[in-house]
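Observations on chain architecture
Residues per chain are reported as follows:
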Amino acid sequence: MKIATTAIAAILLVSSTASYAYAEVPAWVKSNAGWWADGTISESEFLSGIEFLIEDGIIAVPPTQVSSESSSDESVPAWVKSNAGWWADGTISDDEFVNGLQHLITIGIANVSGPEMEQEPEQQQSPASQESIMDSSSELTALEAELDNCAEINKAYDRLNCERIAKDKIIAYTIKNNSQAFQVGPVTYYWSGLGTEGNSFEITSSGQALLNLRILVENTGSSQNESLFCTGPAVCNYDVTNGDKVYKYAQMDFTNGQVVLKPGESKVFNMMFGPNIGGGGTTFEYDSGKDYQFRINESYGSASIPLNLG
């Protein structure tokens, strides 16, 4: 039977419904995620595989609190299956895939027993914390329902576009709930720190320092579009400094040199600092005795985000 070894070992579980602490997902599980997404294995095999692999210790699961209102009678939502397919073909990352799956344990769809699972008594939560968790859970549930509803669209292009928009909202929600916010005029920047998806720092074997940053930006103003500008290394409103030197990017993904945000809209952008690519660029260097900051210098305001590279 294809279950435990073929079904998704990829489930990563959270330490609570309001925090997203990820377990490592084995690479070989991607093919299994694809099998489930395309119907090669059934939902019951999928769930059995999760339960077996966790309880047998093949996957380490952080302590997970199971909701007192959870039920094993529910079915795996359609959006989770869509995420499995996206993850299998590389459209979304491990963390983004896991964000879509983490609630299966907490709501009781996957029935896993053991010391990792904890049933939090209702009375241990203060009214304020209960309200916060309910608000967070309700918002995520609404976003998941929005993604579910995309499956009802018959036209392929319209359905895929609906799924893309809904998926982006779920990703934005996840980043915002795991990041420090930096308000710059009408725009809020969210950075989740090194070691999270898209954020890394390393020194290569050749000695080149490489810094990758992934930042969510949201137009929290109410009246007009806002634009983030970066047309080239020499003309860019974003850089990294250590107080003595200023470093220009080696790679970025601004479209046509800018990111345009409508009121209430959010987008993710990525930047890499490393080799000098020309055009006024610089070679990124690391000095352990310096403090590094990512700088924002837009027409609507300025800010510095501490990077804590040490």
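Here, every reference points to the structure presented above.
Below, the structure is looked at part by part. (Residues numbered from 1 in each chain as written. Predicted model: local features only at pLDDT ≥ 70, side-chain atom pairs only at ≥ 80, totals over all residues. Heavy atoms only, no water.)

1. What to know about the nonpolar core
Nonpolar side chains in soluble globular proteins generally cluster together in the buried interior. Tyr189, Leu228, Tyr238, Phe269 and Phe294 are the most contacted members of the largest nonpolar core, which has 32 residues in total. Per-element accounting of this core gives the leading share, 5 residues, to strand β6 (residues 209-219). Residue contacts for Tyr238: discarding those within four places in its chain leaves Tyr189, Leu228, Phe229, Phe254, Phe269, Met271, Phe294, Arg295, Ile296, Glu298 and Tyr300. By size, the runner-up hydrophobic cluster in this structure holds 15 residues, among which are Trp86, Ile92, Leu147 and Ile170. (Core = buried A, V, L, I, M, F, W, Y, C linked by side-chain atoms within 4.5 Å. Buried < 20%, exposed > 50% of the residue type's maximum accessible area, 1.4 Å probe, protein only. Helix = DSSP H or I, 4+ residues; strand = E, 2+ residues; numbered from the N terminus. Contact = heavy atoms within 4.5 Å.)

2. Section: the sheet that holds strand β7 (residues 226-232)
With antiparallel pairing, 3 strands are arranged side by side in an open sheet as β8-β7-β12. Lying at the two open borders of the sheet, with one neighbouring strand each, are β8 (235-236) and β12 (258-261). Examined bridge by bridge, β7 and β12 share 4 bridges and lie antiparallel to one another. Bridge pairing in β12 places Phe229 opposite Gln258. (Pairing = 2+ DSSP bridges.)

3. Quick look at the packing of aromatic side chains
Two aromatic rings, taken as a pair, are described by how far apart their centres are and by the angle between their planes. In this structure the tally under the stated criterion is 12 aromatic pairs. On the basis of an interplanar angle of 50 degrees and a centroid distance of 6.2 Å, the ring pair of Tyr189 and Tyr238 is categorised as tilted. Placement of Tyr189 in strand β4 (residues 187-191) and of Tyr238 in strand β9 (residues 238-241) is noted, with a sequence separation of 49 residues between them. The buried category is assigned to Tyr189, whose relative accessible area is 0%. (Phe/Tyr/Trp six-rings, centres within 6.5 Å; stacked < 30°, edge-to-face > 60°.)

4. A closer look at the sheet that holds strand β14 (residues 293-298)
With respect to topology, 4 strands assemble into an open sheet ordered β10-β9-β14-β15, the strand pairing being antiparallel. Of all the strands in the sheet, the pair left with one neighbour each is β10 (246-247) and β15 (301-306). For β9 and β14, the ladder comprises 4 bridges, and the chain directions are antiparallel. Its bridge partner lying in β14, Tyr238 is registered against Ile296.

5. Concerning unusual backbone geometry
A positive phi angle, near 55 degrees, is found at Asn256, a position not held by glycine. Assignment of secondary structure puts Asn256 in the loop between β11 (251-252) and β12. Judged by its relative accessible area of 74%, Asn256 falls in the exposed class. In this model, Asn308 sits at a positive phi of 50 degrees, which is unusual for a non-glycine residue.

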